[in-house]
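Residues per chain, in single letters:
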Amino acid sequence: MLYKLISPSMVKATIQLPASKSISNRALIINALGKGIYPPENLSDCDDTQVMIKALTEGKETIDIMAAGTAMRFLTAYLSATPGERTITGTARMQQRPIQILVNALRELGAEIEYVHNEGYPPLRIKGAELKGNAISLKGNVSSQYISALLMIGPVLKDGLTLHLTGEIISRPYINLTLQLMQDFGAKAAWTSPSSISVAPQPYQSVPFTVESDWSAASYWYQIAALSREAEIELPGLFHNSYQGDSRGAEVFSRLGVTTEFTPQGVKIKKTGKAPERLEEDFVDIPDLAQTFVVTCALLNIPFRFTGLQSLKIKETDRIAALRTELKKLGYLIEEENDSVLMWNGERCEPEETPVIATYEDHRMAMAFAPAVISCPNLLIADPQVVSKSYPGYWEDLKQAGFQVINEG
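Since we're looking at a predicted model, the values are computed, not measured.

**Considering the sheet that holds strand β19 (residues 380-382)**
Moving on, step 1. Ordered by their spatial adjacency, 4 strands build an open sheet running β18-β19-β1-β20, and the pairing between neighbours is mixed. The open sheet has two edge strands with one neighbour each: β18 (356-357) and β20 (404-407).
Moving on, step 2. Pairing geometry for strand β1 (residues 2-6) and β20, over 4 bridges, is antiparallel. By the bridge assignment for β20, Leu5 is matched with Val405.

Right, dumping it as C-alpha cells:
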C-alpha cells in the first residue's frame, strides 16, 4: 500500500491524541501483578497495548506479541514471576531483536527460561515460579525497557529487588516513569543513589487509574506546526507535569519556532517562525523523538548534531540507517558517528522525483516522514498501516486537520 498526501495551506485543528502507550503497557503489567479489580481506563488502542491485553487475559500457552517490543520485554519478566508454562514469540523481525540481557538478569533471580530457536533471541519458553533472587547489576546503557521489566516484578519477589546500574544511564525518564507508576499502585520503589534502585517486597494495591494522552504522538503535530506556513493546533489531554519524558519535546520545538500554551484541557501549539541557525541536542533520554527532529531540521534547512542515539539501532528497525537512507531520497546527506550520533551540515544531493519512503515495519518512520509532504509534495509513504503500532488513528487525524490522504494502491 502507498499513501499520497496533499497538505493544506494552513493547519487549524483540535486533535484527540491516543493515550500513552508507555503508560498503558506499564499500568497493565502492574495491575495484573497486583491482581487489580479496576481495569486501567483510557488505554491506548494501539497494537502494542492490544497484544498486551490479549496476553494478560486470554491465558494461552503460546503468546504472539507480533511486533510489540515493549510487550516482549515486559511480559518476559511478568511470565517469569507468575505461575505457569508459556511460550512467547513474535514477528520475524521480533525474533531478530536481542533479549539476552534481560533473560540473563531474570535467570540470576531464579527464572526458568529457554530459547526455542536461537540463543539470545525470541521465541522464549518460560516456566513461571516464585523468584528467589533479590539483587541485579546491569549496564545503565541497556534498553530502559529491560530495566522497567525487572523493576515492575520487584514488589512480588520474596525479598524485593535491588538494581545496580553501571556506567552511563540512558533513558532515565522512562525508568522514572516506571517508578512513578509503581508508586501510584502502592509499591515502595525509589532511587537510593544516582545508580541504584530499591524495590521493597510490598504488594501492589488495586487502584482506579486513567492513562494520559501520548506526548510521543504529540511530537508529529509539533512537527506539522514547525513545517507549515501557518498552524494553530489544540491537543487535549496533555499536561505540564507529565510522567512522560517525551514531554521535553515541547521545549526543543520551542527553539524551532513552535510555542506551547498549557490550558486546563491540554495544550495549544502555534508556529511563530523563529528558528535557530543550528540545533544540537542530546537524545539519550528521549530516543523516540529522534526521527521527528532529524526530519524536521533537515526540511527546515537547520544543520544539526544529535547525540545519545545508541538505542536507535535496536528499535523496530535500525533507525539510524533508515533515516539516512530515506532522507537521501529527499536530497539530504545525513552523517553518522559511533552508532550514536546523527548530524547534518547542510550537504545536499539530487532528490528523487517521486520519493517512496520505506517504513521498515516502523511506525515512527511513517509518522515522522508524513509531515515532510509539506516541503516535498511528491513523496509517497509505503506500508502506511504500520502506524497502528502506536497511533492507529494517525491518518484519519491528518484528514481532520485538512490533509488529503490518497491510497495509491
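**With respect to the sheet that holds strand β9 (residues 189-193)**
Moving on, step 1. The strand order across the open sheet formed by 4 strands is β7-β8-β10-β9, and the pairing between neighbours is mixed. Here the strands that pair on one side only, and so sit at the sheet edges, are β7 (135-139) and β9. Averaged over all neighbouring strand pairs, the angle between strand axes comes to 25°, with direction disregarded.
Moving on, step 2. Note that strand β8 (residues 161-166) and strand β10 (residues 196-199) share 4 bridges and pair antiparallel. Looking at the pairing, Leu161 lines up with Val199 of β10.
Moving on, step 3. Across the sheet, helix α5 (residues 144-153) touches β7, β8 and β10, and the angle it forms with β8 is around 165°.

**Observations regarding the pattern of salt bridges**
Moving on, step 1. Overall, the coordinates contain 18 salt bridges when judged by the stated rule.
Moving on, step 2. Ionic pairing is found between Asp48 and Lys389, a salt bridge with its closest N-O pair at 2.8 Å. One end of the pair, Asp48, is in helix α2 (residues 47-58); the other, Lys389, is in the loop between β19 and α12 (394-400), with 341 residues separating them in the sequence.
Moving on, step 3. Classification of Asp48 as buried rests on a relative accessible area of 1%.
Moving on, step 4. Of the charged contacts in the structure, one is a salt bridge between Lys270 and Glu232, with a shortest N-O distance of 3.9 Å. With Lys270 in strand β13 (residues 266-271) and Glu232 in strand β11 (residues 231-236), this residue pair connects regions lying 38 residues apart in the sequence.
Moving on, step 5. Residue Lys270 is classed as partly exposed on the basis of its relative accessible area, which comes to 44%.

Parameters at a glance
- Residues numbered from 1 in each chain as written.
- Predicted model: local features only at pLDDT ≥ 70, side-chain atom pairs only at ≥ 80, totals over all residues.
- Heavy atoms only, no water.
- Pairing = 2+ DSSP bridges.
- Helix = DSSP H or I, 4+ residues; strand = E, 2+ residues; numbered from the N terminus.
- Axes fitted to C-alpha atoms, helices over the stretch in contact; angles between N-to-C directions.
- Contact = heavy atoms within 4.5 Å.
- Salt bridge = Lys/Arg side-chain N within 4 Å of Asp/Glu carboxyl O.
- Buried < 20%, exposed > 50% of the residue type's maximum accessible area, 1.4 Å probe, protein only.

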